[in-house]
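Take a look at the letters that make up each chain.
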Amino acid sequence: MDCQITHVSACQCDGDAIVVAIFADGVLEGAAAEVNEATGGVLSQLYETQELKGSHGELTTILAPAGVQARQIVVVGLGDRETLQRGCVFKAAGAAARRLAEKPRRSVAFYFEAEIAADFCADGVAGAIVGCVGQDLYRADKTRHPFESIFWCGGTEDDVRAGQIMGDSVNLTRRLVNEPASEIYPISFATACETLASETGLEIEVWDQKRLEQERCGALLGVSQGSAQPPRLVILKHQGGKKEDAPLALVGKGVTFDSGGLSLKPSDGMKAMKCDMAGAATVVGAMHAIALEKVPVNVIGLVGLVENMVSGASYKLGDVLTARNGKTIEVLNTDAEGRLVLADVLDVAIEQGADRIVDLATLTGACLVALGTDVAGLMTNNQGWCEQIADAAQNVGEAAWQLPMFREYGEQIKSQVADIKNIGEGRWGGAITAAKFLEEFVGETAWVHMDIAGPAFSEKPKAWVDAGGSGAFVRTLVEVAKKS
Ligand code: BES
Ligand code: MN
Ligand code: ZN
């Protein structure tokens with residue numbers, strides 16, 4: 001997609017559509033005022049009759065408007081002027097783009113009020129790029145048609161470029177999640193990482209089965225052993241800071257399909273389990289943006305890639321695995337596999353010299369029960385680091401909420417036969433007992449675990465993004481890197 005700044009005024013723009021933003025206060029300024037005047041007061045009339053409210057995400061299409069060159073105007077509400085945030089702009093631009101992408105369009109120009117457009121240019125461009133791309137990868141009759149060109153009024157060339165990088169990065173994550181497990185399995189995911197590395201200049205290391213054995217990644221290998229697809233561990237390195245600076249590590253769960261293993265999921269629970277590599281895909285999307293934006297920080301992305309399958313070779317209940325850090329783990333549920341994969345990858349992150357870690361994982365259904373489908377759970381061993389992550393999420397408008405890590409919950413993962421077991425006592429507090437398990441593998445290193453089981457993948461579309469992989473938290477991770 002071609003993205004550019006435009007200096008043509010809203011009324012003169014002769015593209016397929018212009019998108020004009022308004023606020024809930026009814027005050028028309030900038031492009032909205034200009035369009036209102038040129039159309040003989042259409043917007044103010046619509047406000048007066050309450051046809052337009054300007055509430056956040058409200059979409060109104062005006063076809064073939066007289067006085068304006070473009071073939072249609074989409075008016076999008078931004079809500080409250082005083083509390084406008086980056087996430088509002090991302091979502092508003094996304095919603096307008098998603099609506100317009102129902103039909104093929106050559107060019108769409110976004111006119112938000114001048115000052116707003118400048119401050120939020122990158123977020124708006126990113127939202128538009130995300131909004132116009134769908135999940136219908138294998139439909140002949142597409143439901144979404146990405147625009148050929150996007151024009152943004154306000155901001156700088158650099159802002160547009162940053163927005164384009166961000167939009168493309170979120171869409172990269174979405175595509176990896178939306179591809180079925182027949183297409184994205186550990187080897188093909190690793191190949192996608194290699195392609196990414198060669199396009200962005202990231203350094204890459206790929207560990208195959210043999211290397212994983214040499215590295216004694218017994219927990220990850222235990223999960224993988226029932227699958228016909230061999231595992232991979234990928235390390236992506238971005239050298240943006242000084243050589244001696246310890247890197248930030250982004251760690252992702254990459255279970256390319258989670259059948260549950262011998263603790264087999266029921267069919268309904270398995271339907272969406274191609275999404276169980278969303279943590280890894282989020283890390284990859286963020287590394288894509290961090291590399292292309294040349295963020296001046298050292299960042300490493302590590303993803304553990306396995307398939308959790310059923311076969312004669314599957315790991316079994318009661319098996320004891322030895323993780324890379326030497327801890328022994330009694331497996332009492334083969335469907336609690338994500339924490340086993342992460343155990344070894346977290347250990348590698350620490351060995352790579354990381355002094356702060358964020359891991360992302362579609363880890364527990366319990367997190368969905370606790371926080372609902374739209375909110376990620378944050379769990380940590382370091383309150384200050386957790387607040388940095390929470391602030392970054394808040395800044396970009398992605399919903400995350402901290403869950404407690406009470407010491408008592410750690411008692412639940414004690415085992416009679418090994419150092420720890422891979423499930424707690426019963427279902428309650430399952431998001432936290434999973435995090436308590438992960439905590440065993442990070443030592444004193446500042447670490448935040450993000451359980452994205454809810455927000456990573458949605459059954460229903462949002463106004464600003466199609467259903468399926470959401471690309472949630474790519475923007476948060478990039479913000480974390482920029483601020484750290
Ligand atoms: N991948 C699932 C968690 C999940 C559930 C992600 C729903 C997205 C949507 C994970 O591997 C899993 O199966 N967790 C179990 C843990 C349990 C066995 C302790 C769960 O949540 O039921
Ligand atoms: Mn599972
Ligand atoms: Zn899983």
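These notes cover the structure that comes with them. Values in this document were obtained by computation on a predicted structure and should not be read as measured data. Throughout, a residue's number is its position along its own chain's written sequence, starting from 1. Key to labels: chains lettered from A, ligands numbered from 1, both in the order written. Given that the model is predicted, a residue must reach a pLDDT of at least 70 before its local features are reported, and side-chain atom pairs must reach 80 or more before they are shown or counted; all residues, however, enter totals for whole chains, interfaces and linings. The side-chain values count all of the structure's non-hydrogen atoms but skip hydrogen atoms and water molecules.

### Some thoughts on the overall build of the protein
And step 1. Strands here are runs of E lasting at least two residues and helices are runs of H or I lasting at least four, both read from the DSSP assignment and numbered beginning at the N terminus. Scanning the protein from N- to C-terminus turns up 17 helices and 19 strands.
And step 2. Atoms considered for the radius of gyration are the C-alpha atoms alone. The globule rule reads 2.2 Å times the number of residues to the power 0.38. For 484 residues, the compact-globule estimate of 2.2 N^0.38 gives 23 Å, and the protein sits close to it at 23 Å.
And step 3. Counting only C-alpha atoms and orienting by the principal axes, one finds that the protein spans roughly 80 × 50 × 45 Å.
And step 4. The buried share of the protein, reckoned over its 484 residues, is 58%.
And step 5. Contact criterion: two residues are considered in contact whenever any of their non-hydrogen atoms come within 4.5 Å of each other. Taking all contacts inside the protein whose residues are at least 6 apart in sequence as the whole, residues at least 24 apart take part in 78%.
And step 6. For the area figures, the Shrake-Rupley method with a 1.4 Å probe applies, and any residue is considered shielded solely by the protein chains shown. Approximately 18900 Å² of the protein is accessible, and the part contributed by carbon and sulfur atoms is 50%.
And step 7. Here the protein contributes 43 positively and 64 negatively charged side chains, and the mean placements of these two sets differ by 4 Å. Remark: exposure states derive from per-residue accessible area (1.4 Å probe, protein chains only) relative to the maximum for the residue type, with buried under 20%, exposed over 50%, and partly exposed in between. Under the convention used here, Asp and Glu are negative, Lys and Arg are positive, and both His and the chain ends fall outside the count. The atom standing in for a charge is NZ when the residue is Lys, CZ when it is Arg, CG when it is Asp and CD when it is Glu.

### Points about the coordination of the zinc ion (ligand 3)
And step 1. Here the zinc ion (ligand 3) is held by Lys253 (NZ), Asp258 (OD), Asp276 (OD) and Glu337 (OE), and the distances to it run 2.0 to 2.4 Å.
And step 2. Donor selection uses N, O and S atoms within 2.8 Å of the metal (3.2 Å for Na, K and Ca). Since no water is included, sites may look incomplete. Angle rules define the geometry names used: all angles between 85 and 135 degrees makes four donors tetrahedral, while opposite donors over 155 degrees apart and all other angles between 65 and 115 make four donors square planar and six octahedral, leaving every other case irregular. With 6 donor atoms in place around the zinc ion (ligand 3) and angles of 79 to 175° between them, the coordination shape is octahedral.
And step 3. Written as a sequence motif, the donor arrangement for the zinc ion (ligand 3) is K-x4-D-x17-D-x60-E.
And step 4. Taken as a pair, the zinc ion (ligand 3) and the manganese ion (ligand 2) show a spacing of 3.1 Å, with Asp258 coordinating each metal. Of this pair, Asp258 sits in strand 9 (residues 248-258) while Glu337 sits in the loop between strand 12 (328-330) and helix 12 (338-351), and the two are 79 residues apart along the sequence. In this structure, Asp258 and Glu337 share a single accessibility class: buried.

### Some words on the site of ligand 1
And step 1. Neighbouring ligand 1 are 16 residues; Lys265, Asp276, Asp335, Glu337 and Gly365 lie closest to it.
And step 2. Two N or O atoms count as a polar contact when they lie within 3.5 Å, although within protein this holds only if one can serve as hydrogen donor and the other as acceptor, and sequence-adjacent residues are included solely when both atoms are side-chain atoms. One of the side-chain N or O atoms of Lys265 is found 2.8 Å from an oxygen atom in ligand 1.
And step 3. In this structure, an oxygen atom belonging to ligand 1 sits 2.8 Å away from a side-chain N or O atom of Glu337.
And step 4. Compared with its free state, where it exposes 520 Å², ligand 1 has 76% of that area covered by protein. Proximity is defined per residue: if any heavy atom of the residue lies within 4 Å of a molecule or strand, that residue is considered near it.

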